[in-house]
Structures are given as C-alpha cells and as structure tokens.
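# Fold and contact review
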Amino acid sequence: VADSEIVFQPASKLGQLIKTRKLSPVDVVRAYLDRIDAVDPKVGAFITITREQALRQAEEATKEIGAGRYRGPLHGLPYAPKDMLATRGVRTTNGSKITADWIPSYESTVTARLNDAGAILIGKLHSVEFALGSHWRAPFGLARNPWHLDYSPSGSSSGPGAAVGARMTPLAIGTDTGGSIRKPAHSCGIVGLKPTYGRVSRFGVTTLSWTLDHAGPMTTTVADNALLLQAISGADPRDGSTSAERVPDFTGALTGDIKGLRIGVPTNYFFDGIEDETAAAVRTALARLKEMGAVLVDVTVANAELIGPASAVIRLSEAASFHEKRLKKHAELFEPLVRQNLEAASFYSALDYIRAVRMRSVFIDEVRRVFERCDVMAAPVANPAPKLEPEAARSGAATKSPASSPADTFNLGNMTGIPAIVVPCGFTAGPPSLPVGIQFYSKAFDEATLFRVADAYQSATEWHKRRPPLTA
Amino acid sequence: LTGERLEEIRPSIEQQLARLEAVRGFDLDESVEPATVFLLKQSTHADLRRTGG
C-alpha cells in the first residue's frame, strides 16, 4: 500500500498488513497524522491531537509486534473518541468551556479496553457542548461535513462522523442518547452502531441521560465496526447497567448470507417527512437486499410518533438533574442553547417524567411484538445533512410544528434499548452530493444479525468506497 | 429562575411544554409500570439466579 493510500484502507486490512509486518504502526499513525494536518484545519473534527503520545506508542507497538507480541486485530491502529470519554492524562473537554481544562485521572472503560487491545489514541473529537448544544455555537468551533464544508456533519458525535468520513482516523467512538451516533454516520457516509443498552460500559463517559446514553463504534466499513464493538463490549463492574450477556464473535457473523432473513419495513411513521430522494435510496437498498435473498415483511410500530416526545422528557429531565449543581453555580458559562434547554426542563413535573418512563414499557412491549414478525427492521435515518448556518437564519427551525418535522427514527432504540446500525446506501444527486444511510434495528443483544445484514449489503455495493472531495 | 430570565427562555419553555401535550394525552393503562421498575426486576432476578436464590 502506497503511503498516500493508507488512510483509504479499511482498518481490518491495515490490521492484517501490520500483523504480517508489511506495514508498521509507525507508518500507519504517521499517515493519519499527515492526513489530519492536511484536512482538519478545514474540517475541524479534532479538539485535541495527541501527536507525540501517538508516535511514541506507535514505536512501542512496532517493537512489540517485531518481538512477536502481537495483541490482536486492533494492535497498532489509531483511534479517536468523542471528547465525552475520559482519557487519563489527556484533556477531556465534553465540548464545553466549563470543562475545557479537565485532565482526568482515570480512563473510561471503552478507551481502556482499546488501549489494552493495542490501539493508539490519536486525538479527541469534536462534540457539541455536553452532547446537547448547538453546532453553530459549539465552544470549540464548527465541525464541518467532509462531503461539503458548508454542511453540518450532524451530531452530537460531530467529530467522530467528520473524522472518519474525512479518513482522519479509521476507528472512532461516539455516544448516542437520541441518534447521536447514527445521524452523523448517515450525514458523513460512514457506518455507526448504537449497541444494545448494557452491551458497552459507560464508565468514564460523561452523562447526558443515564437511562438513554450509549457509546458505540463509528467506522468506514461494517467489518471494522464489528472489530471495534468486539473490543469494547462486555460486563464492567464499574458500570452497573452493563449486562453479563455473552459477547458473541461479531466478525464470525459476517457470512454474507442473508437468504431467508426477514426484514421488517415499517408501513407507518418512519418514512414521514423523509425527502423523496432519501426515501428512494432506502427503498432501492431494500430491493437489493431482497434480490440477495432477504424477505421483506410489512410491519407497524404502534405509537411510534410518541417515542420522540416521551424521550425528550426523559433526556432533558435527566440532563437537568445531572447538571443541577453546575447550572446553579455557573449558568452563564453554558453555551446559550444548552443553558436554555436545561433551565426549561425544570418545567417538567415528576408526573411527566414517570409517565414518560411508563410509556417506555409500552414501547418495549411493542418492539417485542414487531420482532415476532421479522429479524431486523429497516428504516430511513434522516434527511441529508443540513447546511451550517446560524440558528436564527434557519428558516422556521424553531417554529416548525412536529407534524411537519421528519420522523424521529432514532429514539426507538434509545427508549427500548435495542441496537441499531447505519450503513451508507447512496448519495443525493446534488449539488452538493451528500451521503444517505439506511438504518437497521434488531432484537436486544442481536448486534450480530445487524452486522450480517449490513455487511452483506456493503459487500454488494460501493458507496463506502467513495472518497470525500477534500484537498489539503 | 428570575422573572427576567423566564421571559428570555419563554419560547424554549413553550416548545418543551408543547411536546408534553402528546405525552400527557396518551392513554396509559394503570397496569403499566415504569420501565425502570422493569429493569430493576430484571437485574434483581439475574442477581438471584447468579446467587442461586
């Protein structure tokens, strides 16, 4: 592989080349640092770049592998988490000026597991403030969409989406409380997975909402995503919400065989307000999967339109509780939109919160019913990435009625805990030509089936091989 | 929150309360328990299984 081509290879291929010593971790880390130097001044995906530490660790990994101590498929590969994950000795800002100088004395379980697997921290990635703020007023500047710099990468995992999309890291970790991994995966043309609630530890991940937060992998290919989830999954005594459920061999699930797999296609709500071109890309992908042997089944998700409003009550109530002290002491230090959202949340009553949590039980029952009819359920993700502009200039953004908004396709996963994956399935005609993704849901703890269907689709298509039009 | 601040964030409060209309209007059967209770039960049962209880 030529040096200039390293960053365009899947992590799984780079890992193989490192294992067989055709490439060294130093070659790989240098290639990505060069790519960051060349394009990040335009994209703005990184808040912190850990250049010296990464090069030092790459040299150590090169020696270790040379001495026959190969740790596994992530050894020597760079990774970068959203800056909501605590990294010992490395600044962790949460995308906020309030915690801009925080240097944690401990490591999140996710990053600790990646470090143990031999992966190399290359930097910390942009997030809107506390995963709740606005893109336009993000304290660490604007992160931009690598497919068109005037467009948003979406969020709140804006940095992971933009960095993987721009090929500045092969492996990233995002967080998802209401679609924050899946939206940027869709907007940046990459693969993003929200695991089952309890599959991945949230120890050391700054809270937005205890009962809705998830951390998960963001990559260019499904195979890389499976490798990354494998490394970070499993019970953690430091996070009581993690599950003792067995972690299967995710890579082993990539058989390419989807014959007879039942894919549920919702006939209500999930396509509402989705632009024709985006909906058509999703339906074309489904037709392709049918040609490959999958069986398409109509499904309905009762009360789907209530999932978003109920999740907002839970998300904002829990966020306001988490930030209670900070809000009393330093309200003025919050980015205005975050402050406003947290303050307004105090107008939800305890009854409202409990009602929303009881509605969650109804949605969990509904999901059980849906998965009696299918193995995975497909859905659009969202409309293409929005243009970056001040909130005030956005036509009708604040006044848009819920009826005219596109369907909230995300919160089904956060409210019921089931996993979901997004994989690229096309581009808009443009200009600008922007990525479109398709989303698949499965039963709890069945990420393996999500990987199987998404990988089969990716193996039959070329969308993930397109390169964003970025030059130094 | 001061009266002045309340006025400043009134649109945001109104937006959040508008979302509540749908939540408050949903017909919940009294047998439906909060999902947190469901999760607590699950984890307790799992603990009991682990300890042979």
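Predicted, not measured: the structure shown is a model, and the values here were computed from it.

Here is what the cut-offs are and how they apply
- Residues numbered from 1 in each chain as written.
- Chains lettered and ligands numbered in written order.
- Predicted model: local features only at pLDDT ≥ 70, side-chain atom pairs only at ≥ 80, totals over all residues.
- Heavy atoms only, no water.
- Helix = DSSP H or I, 4+ residues; strand = E, 2+ residues; numbered from the N terminus.
- Rg over C-alpha atoms; globule rule 2.2 N^0.38 Å.
- Buried < 20%, exposed > 50% of the residue type's maximum accessible area, 1.4 Å probe, protein only.
- Contact = heavy atoms within 4.5 Å.
- Buried area = accessible area lost by both parts, 1.4 Å probe.
- Salt bridge = Lys/Arg side-chain N within 4 Å of Asp/Glu carboxyl O.
- Nonpolar A, V, L, I, M, F, W, Y, C, P; charged D, E, K, R; others polar.
- Pairing = 2+ DSSP bridges.
- pLDDT = per-residue confidence, 0-100.
- Axes fitted to C-alpha atoms, helices over the stretch in contact; angles between N-to-C directions.
- Parallel < 35°, antiparallel > 145°, perpendicular 65-115°, else oblique.
- Expected span 1.5 Å × (residues − 1).
- Disulfide = S-S within 2.5 Å.
- Phe/Tyr/Trp six-rings, centres within 6.5 Å; stacked < 30°, edge-to-face > 60°.
- Lys NZ or Arg CZ within 6 Å of the ring centre and 35° of its normal.
- Right-handed = clockwise from strand over helix to strand, strands pointing away.

Below, the discussion takes up the overall build of chain A. Per the secondary structure count, chain A includes 14 helices and 12 strands. Its C-alpha atoms give chain A a radius of gyration of 21 Å, within 12% of the compact-globule value 23 Å for 472 residues. With the C-alpha coordinates of chain A rotated into their principal frame, the extents come out at 60 × 60 × 50 Å. Taken over 472 residues, chain A has a buried fraction of 63%.

In this section: the interface of chain B and chain A. Across the contact, 25 residues belong to chain B and 29 residues belong to chain A. Roughly 2,500 Å² of surface becomes buried between chain B and chain A when both sides are summed, with 66% attributable to carbon and sulfur atoms. For the pair chain B and chain A, the number of links is two salt bridges. Secondary-structure elements contributing two or more residues to the side of chain B that touches chain A are helix H1 (3–8), helix H2 (10–25) and helix H3 (35–50) of chain B. Here the side of chain B that touches chain A gets 10 residues from one element, more than from any other, and that element is H2 of chain B. Across the side of chain B that touches chain A, the residue classes break down as 14 nonpolar, four polar and seven charged.

Residue and element names in this part refer to chain A. Taking burial as the measure, the five residues of strand E5 (residues 171–175) include five buried ones, the bulk of the element. On E5, burial covers both faces: Leu 171, Ile 173 and Thr 175 on one face and Ala 172 and Gly 174 on the other are all buried. Relative to E5, strand E2 (residues 78–81) runs parallel, the two sharing three bridges. Looking at the pairing, Pro 81 lines up with Ile 173 of E5. Sheet topology places E5 next to strand E7 (residues 215–219); five bridges connect them, and they run antiparallel. When the sheet's bridge partners are listed, Thr 175 is paired in E7 with Ala 215.

A few words on the confidence of the model for chain A. Close inspection of predicted coordinates is inappropriate for parts of the model with low pLDDT. Chain-level statistics for chain A give a pLDDT mean of 95 and a share of 97% at 70 or above. Note that residues 393–402 of chain A has pLDDT below 50 and, in this model, three contacts with residues that lie over four places away or in other chains.

Residues and elements named next belong to chain A. One can describe the packing of helix H2 (residues 25–43) onto helix H3 (residues 51–66) by two numbers: an axis separation of 8 Å at closest approach and a directional angle of 160°. With respect to each other, H2 and H3 are oriented roughly antiparallel. Facing H2, whose interface residues are Pro 25, Val 26, Val 29, Arg 30, Leu 33 and Asp 37, H3 presents Arg 51, Ala 54, Leu 55, Ala 58, Glu 59, Ala 61, Thr 62 and Ile 65.

Further remarks concern H2 of chain B. Counted at 1.5 Å a residue, the expected span for H2 of chain B with its 16 residues is 22 Å, and the 23 Å between its end C-alpha atoms agrees. Listing the buried residues of H2 of chain B in full gives Ser 12, Ile 13, Gln 16, Leu 20 and Val 23 of chain B. Packing partners of the buried residues in H2 of chain B comprise helix H9 (307–322), helix H11 (336–344) and helix H12 (350–373) of chain A together with H1 of chain B.

In this structure the tally under the stated criterion is zero disulfides over all chains. Left unpaired, Cys 374 of chain A is separated from the closest cysteine sulfur, that of Cys 425 of chain A, by 18 Å.

Here we come to the side chain of Asp 239 of chain A. Residue and element names in this part refer to chain A. By the element assignment, Asp 239 lies in the loop between helix H7 (222–232) and strand E8 (262–266). Residue Asp 239 is classed as buried on the basis of its relative accessible area of 8%. What Asp 239 contacts, discounting residues up to four positions off in sequence, is Val 200, Ser 201, Arg 202 and Phe 203.

A word on the packing of aromatic side chains. All names here are of chain A. Inspection of every chain in the model, using the stated rule, returns eight aromatic pairs over all chains. Between Tyr 106 and Phe 203, the aromatic rings sit 5.7 Å apart at their centres with planes inclined by 45°, giving tilted as the arrangement. Here Tyr 106 is found in the loop between E2 and helix H4 (109–116), whereas its partner Phe 203 is found in the loop between strand E6 (191–194) and E7, with 97 residues between them in sequence. Owing to a relative accessible area of 33%, Tyr 106 belongs among the partly exposed residues under this scheme. By relative accessible area, which is 23% here, Phe 203 ends up partly exposed. Ring geometry for Phe 130 and Phe 334: centres 5.9 Å apart, planes at 50°, overall tilted. Of this pair, Phe 130 sits in the loop between strand E4 (123–125) and helix H5 (158–165) while Phe 334 sits in the loop between helix H10 (324–330) and H11, and the two are 204 residues apart along the sequence. With relative accessibility at 4%, the residue Phe 334 sits in the buried group. Through pairs of rings, three or more aromatic residues link up here, namely Trp 102, Tyr 106 and Phe 203. A cation over a ring is seen here: Arg 283 above Phe 271, with NZ or CZ 3.8 Å from the ring centre. If you follow Arg 467 out to its NZ or CZ, it ends over the ring of Phe 8, 3.9 Å from the centre.

Once that is clear, we can look at the pairing of strand E9 (residues 295–299) of chain A. Residue and element names in this part refer to chain A. Bridge count for E8 against E9 is five bridges, and the pairing is parallel. Bridged to Ile 263 within E9 is Leu 296. Following the backbone out of E8, through helix H8 (residues 276–291) and into the adjacent parallel E9, one traces a crossover that is right-handed.

Attention now goes to unusual backbone geometry. Residues and elements named next belong to chain A. The residue after Gly 430, namely Pro 431, is reached through a cis peptide bond having omega -5°. As for its position among the elements, Pro 431 is in the loop between strand E11 (420–427) and strand E12 (435–442). The omega angle of the peptide bond from Pro 431 to Pro 432 is -5°, so this bond is cis rather than trans. Counting through the fold element by element, Pro 432 comes out in the loop between E11 and E12. Even without glycine at this site, Tyr 269 takes up a positive phi of about 65°. Considering the arrangement of structural elements, one finds Tyr 269 in the loop between E8 and H8. Its identity is not glycine, yet Asn 303 carries a phi of approximately 60°, on the positive side.

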